[in-house]
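What the coordinates show
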Amino acid sequence: MDLRFSTEDEDFRAELVGWLEANLPPEMRERAWWVGKSDAEQFEIRREWEAGKAAAGFAGIQWPTEYGGRGGTPGMKAIYDEQMAKANAPRTVNPLGLAFLGPTVMAIGTEEQKREIIKPLLHTEVIWCQGFSEPGAGSDLAALQMKAEPQGDHYVLNGQKIWTTNAMHGDKIFVLARTSDPGGARHAGISMLLVDMHQEGVEVRPLKQMTGESEFGEVFFTDAVCPVEDVLGGEGNGWQTAMLLLSFERGSSAIGQYTEFRRQWDAVATLARQLDRDGAPASQDPVMRQQLASSLIELECLKYHSWHVLTQTSQGKDLGFEASMTKIMWSEAFRKVSDTYESLVGTAFQVADPSPGTSLEELTTMALWSRSCTIWGGSQQVQRTIVAERVLGLPR
Amino acid sequence: MKFQLTDEQRALQDAVKAYLRDKFGPAEVRDFYNTDSDGVPADLWRAIGEQGWLAVLVPDAHDGLGLGLLDCAIIARAFGSATVPGPWLGTVLVGEALRLAGSESQQKALLPQLAAGEVKGAVALLRGGYRPSPAGAPATAAGGKLTGNLGLVDYASVADVLIVAAQDGLYLVEPGAATITPHESLDRTVRLATVELDGAVAERLEGSSPEVVQELLDRAAVLAASDLAGTARKALTDTVEYDKTRVQFGKPVGSFQAIKHHLADIHLGVTNAEYAATYAAHAFDIEAPDRQLAASIAKAKCGDMASESTGAMIQYHGGIGYTWEHDSHIYFKRAKRLEYSFGDASQHRERIASLMLDAI
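Residues numbered from 1 in each chain as written. Chains lettered and ligands numbered in written order. Predicted model: local features only at pLDDT ≥ 70, side-chain atom pairs only at ≥ 80, totals over all residues.

Digging into the overall build of chain B
What counts here: Only runs of H or I of at least four residues qualify as helices and only runs of E of at least two qualify as strands under DSSP, and these elements are numbered from the N terminus. The burial criterion counts other C-beta atoms lying within 10 Å of a residue's C-beta, which is placed from the backbone; the residue is buried at 20 or more, exposed at 12 or fewer, and partly exposed between these limits. For every residue pair, C-beta atoms are placed from the backbone, and the pair is scored as a contact if these atoms sit within 7 Å.
When its secondary structure is counted, chain B shows 11 helices and nine strands. Taken over the C-alpha atoms alone, chain B extends approximately 70 × 50 × 40 Å along its principal axes. Within chain B, the proportion of its 360 residues that are buried is 59%. Long-range pairs, those at least 24 residues apart, make up 76% of the contacts in chain B with a sequence separation of at least 6.

Examining the overall build of chain A
Test applied: For the radius of gyration, the atom set is restricted to C-alpha positions; the globular benchmark scales as 2.2 Å times the number of residues to the power 0.38.
Across its full length, chain A holds 12 helices and 10 strands. Taking 2.2 N^0.38 as the reference for a compact globule, 396 residues should give roughly 21 Å; the C-alpha atoms of chain A span a radius of gyration of 22 Å, in line with that estimate. Counting only C-alpha atoms and orienting by the principal axes, one finds that chain A spans roughly 75 × 50 × 45 Å. Residues classed as buried in chain A amount to 42% of the 396 residues present. Of the contacts formed within chain A by residues at least 6 apart in sequence, a portion of 73% connects residues at least 24 apart.

Comments concerning helix H11 (residues 361–373) of chain A
Residue and element names in this part refer to chain A. The cut-off we apply is this: What a helix should span is 1.5 Å times the count of its residues minus one. Each direction from the helix axis to a C-beta atom contributes to the arc, which is the arc of those directions.
Counted at 1.5 Å a residue, the expected span for H11 with its 13 residues is 18 Å, and the 19 Å between its end C-alpha atoms agrees. Residues of H11 that are buried: Leu363, Thr364, Met366, Ala367 and Ser370. In a view along the axis of H11, the buried residues occupy a sector of 160°, so they form one face of it. On the buried face of H11, the contacting elements are helix H8 (255–274) and helix H10 (322–345).

Regarding the interface of chain B and chain A
Contacts between the two partners involve 36 residues from chain B, matched on the other side by 39 residues from chain A. Residue assignment for the side of chain B that touches chain A shows that the elements contributing at least two residues are helix H7 (210–245), helix H8 (257–285), helix H9 (291–315) and helix H11 (345–358) of chain B. Considering every element that reaches the side of chain B that touches chain A, the biggest residue donor is H8(B), with 13 residues.

Some thoughts on the packing of helix H4 (residues 74–86) of chain A against helix H9 (residues 286–314) of chain A
Residues and elements named next belong to chain A. Quick reminder of the rule: Fitted lines through C-alpha atoms serve as axes, helices being fitted only where they are in contact, and the angles separating the N-to-C directions of these axes extend from 0 to 180 degrees. Any angle from 65 to 115 degrees is called roughly perpendicular, while one under 35 is roughly parallel, one over 145 is roughly antiparallel, and all others are oblique. All residues other than Ala, Val, Leu, Ile, Met, Phe, Trp, Tyr, Cys, Pro, Asp, Glu, Lys and Arg, Gly among them, are scored as polar; the first ten of these are nonpolar and the last four charged.
Orientation of H4 relative to H9, taken along the N-to-C sense of each, is 150°, at an axis distance of 9 Å. Here H4 lies roughly antiparallel to H9, going by the angle between them. On the side of H4, the interface is formed by Pro74, Gly75 and Ala78, while H9 contributes Leu310, Thr313 and Ser314. In terms of residue class, the contact of H4 with H9 is made up of three nonpolar, three polar and no charged.

Describing the environment of Val126(A)
Residues and elements named next belong to chain A. Relative to the elements of secondary structure, Val126 occurs in the loop between helix H6 (111–122) and strand E1 (128–131). Residues Val126 and Gly97, spaced 29 residues apart in sequence, show a C-alpha to C-alpha distance of 9.2 Å. Look past the residues within four positions of Val126 in its chain and what remains in contact with it is Pro120, Leu121, Asp171 and Lys172.

Some words on the environment of Leu263(B)
Its place among the elements puts Leu263(B) in helix H8. Between the alpha carbons of Leu263(B) and Leu236(B) there is a distance of 7.5 Å; along the sequence they are 27 residues apart. Setting aside chain neighbours within four positions, we find Leu263(B) in contact with Ala388(A), Leu392(A), Leu394(A), Thr239(B) and Val240(B).

Brief notes about the packing of H7(B) against H9(B)
Residue and element names in this part refer to chain B. Rules: Crossings are classed by handedness, with left-handed meaning an anticlockwise turn of the near helix from the far one by less than a right angle and right-handed meaning a clockwise turn.
Two elements in contact, H7 and H9, have axes separated by 8 Å at closest approach and are oriented at 30°. When the axis of H7 is compared with that of H9, the two are roughly parallel. In the packing of H7 onto H9, the handedness of the crossing is left-handed.

Describing the domain arrangement of chain A
Under the convention used in this document: All the domain ranges listed were derived from an automatic or database domain assignment.
For chain A, the assigned domains are domain 1 (7–93), domain 2 (128–236) and domain 3 (252–391). Averaged C-alpha coordinates put domain 1 of chain A and domain 2 of chain A at centres separated by 30 Å.

Observations regarding the domain arrangement of chain B
Residues and elements named next belong to chain B. Its domain assignment divides chain B into domain 1 (7–116), domain 2 (121–207) and domain 3 (211–358). Computed over C-alpha atoms only, the centres of domain 2 and domain 3 are separated by 27 Å. For the side of domain 2 that touches domain 3, the residue count by class is seven nonpolar, five polar and one charged.

Some points on the confidence of the model for chain B
As a reminder, the rule being used: The predictor rates its confidence in each residue with pLDDT, a number between 0 and 100.
When pLDDT is averaged along chain B, the result is 97, and 100% of the positions lie at 70 or above. At the level of chain-chain contacts, confidence expressed as ipTM amounts to 0.97, with global pTM at 0.96.

What about the nonpolar core?
All names here are of chain B. The condition is simple: Residues enter a nonpolar core if they are buried, belong to Ala, Val, Leu, Ile, Met, Phe, Trp, Tyr or Cys, and are joined to the set through C-beta atoms within 7 Å.
Grouped together as the largest cluster of nonpolar side chains are 223 residues, with contacts concentrated most on Val164, Val222, Ala276, Ala277, Ala280 and Cys302. Counting residues per element, this core draws most heavily on H7, at 16 residues. Ignoring sequence-local partners within four residues, the contact set of Val222 consists of Leu69, Ala73, Ala277, Ala280, Ala281, Phe284, Ala295 and Ala298.

As for unusual backbone geometry
With glycine set apart, most residues show a phi of negative sign, and most peptide bonds adopt trans. Residues and elements named next belong to chain B. Look at the link from Ser133 to Pro134: it is a cis peptide, with omega at 5°. You can see Pro134 is positioned in the loop between strand E1 (121–124) and strand E2 (140–142). Residue Thr83 is not a glycine yet carries a positive backbone phi of 45°. Here Thr83 shows up in the loop between helix H4 (69–81) and helix H5 (88–101). Exposure remark for Thr83: the 27 C-beta atoms within 10 Å place this residue in the buried category. The backbone of Phe249 sits at a positive phi, close to 55°, despite the residue not being glycine. Here Phe249 falls in the exposed class, since 8 other C-beta atoms lie within 10 Å of it.

Observations regarding the environment of Ala142(B)
Along the polypeptide, Ala142(B) turns up in strand E2. A C-alpha to C-alpha distance of 35 Å links Ala142(B) and Asp60(B), two positions 82 residues apart in sequence.

See below:
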């Protein structure tokens, strides 16, 4: 048992903290500074800042240097996630590219794909979207209908993708489409195509989320084209490629999520001390105290879990289906903090500024956002089935 | 970053588990359940002493092993998993009280014997709730004599030494000075007795303070949490195995989503409980600033999960799970006992709230 990071890892932390101090202006760390700026404006600011960060060498922490990464350790990646969350640094503009496409390309991409995709992704020159879900294929991904018909040196794509993060900002999209008729075999005949979104056959429409923001959208393909060499993992291997791609969340230790949600919990606790309930601070209310403690317990357990994951990945072990446990743990802990917040503020949950000097905008947006996290990337119910069957070995 | 046991700790874990599997498995526990006795399986108790499982926290200077709370918690978890009867926890805690607050002569007189299992111990530290003395002390001291109803005390009937908390610290009491009334308990891996003191002669542990009582309580809570984590895991594992093969409606019941998803949730919760118990014990070994918080997180989480897991064991075994012949009730009753020992989940959550919300 040794919960310290190596000296090498701690040196990296010092370097990163120093860089953040010099390059992340204090106002950018405050939610208030972002309020009032349009989605597009916010995106451009984040994109520019992230590009600067990549130029300074703080991108692709664990990825090989030959493709533009930093070649760091799992410990450095955890420290990076932790410090970025602590600093309240802008969220990445390329989440799907970083979490999924990059690792998959490095694992099974051609040398040319590696050179063409990785560095521009890290430097935010190309923003990647993920084209998996369709109106009729959510949790049941293999129900996807999108077609990509081979015609000489290219495919012709027709169909629709939905709930696509960053659809309005995307330059390219990795798409699961049917390239041949599987004849009843649902998982066969699928390919993963890397498609340019800046073409006539691709139309993007924003979807308004329950937060009021439009971070995701719909993507319509009408005779859109994609060169045959832009298949990732080989034609017809799309299902396997997708499963590999989704498995890359496994290396993620959740320390970043813990840090972010813990900051949120601290803000809720501060609010509980300020808000009046029956003539005393709400933090003195016995029921509120139980709820605050319960959510903190789940958060601290998430921290312990992140140590466990980091221990395993540092020793080069694959966590396999434990990844589903990580996903359930962090999204449930997040929900619990949000539930606590909602019951603390009560009717004031409905308004952004219930009293002068009190802004609930950030916490309320987080609470609403927590409702999406138990759905995307495999719903909680899908994850529970995976844990039951693959970890506990219960029969199908 | 290594959030895992050392090779030595794993060897200890394997040794305890292997011994219990060979010498005191479910069949022996069941026999013991159905036999009237003083609650101490003699051969097992002797072995526990010989193996050094009572000596873990006793310093080298007093013939102990001088190891840490995590090493001790490893034994507690294995004991919880195997529902081991006997006054192990009380004896360990008497040793801890003496180590933390006893005089040199008290330590010299008792620690080697406690470490060897030649002297058995019992503790009475709380009057419900989870507050150190003076607020939560079950006895009142006056002129070197203690008075108070200590409530139900584990293994008071067989103890050679009692440690009792009074308003000004910890006291060593000879059981002969107390009125001890045994009770039948549901959980038969323990023996309970009410203990009354009426001006009983007692020796104060000179290093006593509210902080020391709190330290002792927290260590007790961590060991109880570890036992609960062991019971919780064992109940889940047995239930999963049964539900893989029990067929109803033409299918294994473990294939039904209502059961599957709940068992997945319990697995997540028990995994968290195990982490929490492990970290809390380690936090005391490295004197981490958040060790009090960690102890309460562990006790709350392990208590909740042992209750849920052993309850699910009954439910997901169906009718057989409600019978005396099945093991479910053995796990359930043990979990219920320790769930409410050394502070229950609500009391520990309140403790967490006071640490996090009131301290500033």
